[in-house]
Amino acid sequence: MDENKTVDRQRARGRWKLFAVLLVCASPLLASYFTYYVVKPTGRTNYGTLIDPRAHPIPPMASRTLAQQPTTLDAYKGKWIMLKVGGSDCDQACQDQLFTMRQLRTMQGKEMNRIERVWLITDEAPLETMLLRVNDGTRMLRAPKDVVTQWLPVEPGGDAADHIWLIDPLGNLMMRFPKNPDPTKMKKDIAKLLKASAIG
């Protein structure tokens, strides 16, 4: 009996140690969310608009690669995702967004590998070859327009395609940047989040 009690105590200690390790690893990200959504310090200045991820979870969607392989945004969990959405007829505003995403990732220096760039293409039309070449490294997925539109929150009269979005490493939609954004201000927001989080 004593031997069994000793084994039970050792198992309990082991579980507590594992829980403590997990808590330490997750605490920076949990602290940042607590600060953003609970404490809300008056001195905080964000350029992007914070989004409550509980109200806008990533929906199931039949997305796939350009090679028609099924995949989802979950494939990039563990990294920060800069997201843009819109049709394949990529006008100048769309090209500017893609360029901004490339530049922002590069501007993060040694932290750049913590970021993925994803474009959810909301139609079936082919992409121009030059567009593919210039944006090599951007993950391009086809996704249903109606699902994407219902998921992403915009101001009345707004269009989700006008914005660059940010998803955290746990798969939570958390920020929307303005239309025609200032890359310098975006860089500061992203740098703060990377610094606050030990995840991703």
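Cut-offs and rules
- Residues numbered from 1 in each chain as written.
- Predicted model: local features only at pLDDT ≥ 70, side-chain atom pairs only at ≥ 80, totals over all residues.
- Heavy atoms only, no water.
- Helix = DSSP H or I, 4+ residues; strand = E, 2+ residues; numbered from the N terminus.
- Buried < 20%, exposed > 50% of the residue type's maximum accessible area, 1.4 Å probe, protein only.
- Contact = heavy atoms within 4.5 Å.
- Areas by Shrake-Rupley, 256 points an atom, 1.4 Å probe, with all protein chains shown as cover.
- Pairing = 2+ DSSP bridges.
- Expected span 1.5 Å × (residues − 1).
- Polar contact = N/O pair within 3.5 Å; in protein donor to acceptor, adjacent residues only side chain to side chain.
- Disulfide = S-S within 2.5 Å.
- Salt bridge = Lys/Arg side-chain N within 4 Å of Asp/Glu carboxyl O.
- Core = buried A, V, L, I, M, F, W, Y, C linked by side-chain atoms within 4.5 Å.
- pLDDT = per-residue confidence, 0-100.

Scanning the protein from terminus to terminus reveals 5 helices and 7 strands. Counting helices and strands in the order they occur from the N terminus, the protein gives α-β-β-β-α-β-α-β-α-β-β-α. Going through the 200 residues of the protein one by one, you find that 36% of them count as buried. Long-range pairs, those at least 24 residues apart, make up 64% of the contacts in the protein between residues at least 6 apart in sequence. As presented, the protein carries roughly 11,800 Å² of accessible surface, and 56% of it is formed by carbon and sulfur atoms.

This next bit is on the pairing of strand β5 (residues 139-142). Here 2 bridges tie strand β2 (residues 64-65) to β5, and the two strands are oriented antiparallel to one another. Within β5, the position partnered with Thr-65 by the bridge is Leu-141. By the bridge criterion, 4 bridges tie strand β4 (residues 115-121) to β5 in an arrangement that is parallel. By the bridge assignment, Leu-120 is partnered in β5 with Leu-141.

Attention now goes to the sheet that holds β5. Spatial strand order, β1-β7-β6-β3-β4-β5-β2: 7 strands in an open sheet with mixed pairing. Only two strands of the sheet have a single neighbouring strand rather than two, namely β1 (49-50) and β2.

So, on to the environment of Gly-86. As for its placement among the helices and strands, Gly-86 is situated in strand β3 (residues 80-86). For Gly-86 and Asp-123, which are 37 residues apart along the polypeptide, the C-alpha to C-alpha distance reads 8.0 Å. Ignoring sequence-local partners within four residues, the contact set of Gly-86 consists of Trp-119, Leu-120, Ile-121, Thr-122 and Ala-161.

What follows covers helix α5 (residues 183-196). Over its 14 residues, α5 runs 20 Å from end to end, which matches the ideal 20 Å to within 8%, given 1.5 Å per residue. Its side-chain oxygen 2.9 Å from the backbone nitrogen of Thr-184, Asp-182 forms the N-cap of α5.

Here we take up the state of the cysteines. Covalently bonding the sulfur atom of one cysteine to the sulfur atom of another cysteine gives a disulfide. Applying the stated criterion across every chain, the model contains 1 disulfide. Put simply, Cys-90 and Cys-94 are joined by a disulfide, and their sulfur atoms are 1.8 Å apart. Torsion about the S-S bond of the Cys-90 and Cys-94 cystine: about -95 degrees, corresponding to left-handed handedness. Pair check on accessibility: Cys-90 and Cys-94 agree, each one buried.

Attention now moves to the pattern of salt bridges. By the definition in use, this model includes 8 salt bridges. Of the charged contacts in the structure, one is a salt bridge between Arg-54 and Asp-52, with a shortest N-O distance of 2.8 Å. Under the relative-accessibility criterion, Arg-54 is labelled exposed at 69%. Classification of Asp-52 as partly exposed rests on a relative accessible area of 27%. Salt bridges sharing common partners tie together Lys-79, Glu-116 and Arg-139.

All right, on to the nonpolar core then. Ranked by internal contacts, the top residues of the largest apolar core, which has 18 residues, are Leu-73, Leu-83, Val-118, Leu-120, Trp-151 and Leu-152. Where this core is concerned, the elements lending two or more residues are β3, β4, α4 (145-151) and β6 (165-167). In terms of residue count, β3 provides more of this core than any other element does, 3 residues in total. With 14 residues, the next largest nonpolar core counts Met-175, Phe-177, Ile-190 and Leu-194 among its residues.

In this model, the protein carries a mean pLDDT of 87, and residues with pLDDT of at least 70 account for 78%. Contacts of residues 35-42 to residues separated by more than four positions or lying in other chains number 13 contacts, the stretch itself having pLDDT below 50.

Take the side chain of Glu-116 next. Here Glu-116 lies in strand β4. Taking the relative accessible area as the measure of exposure, Glu-116 reaches 11% and is therefore buried. Ignoring anything within four residues of it in the chain, the contact list for Glu-116 reads Tyr-76, Lys-79, Trp-80, Ile-81, Met-82 and Arg-139.

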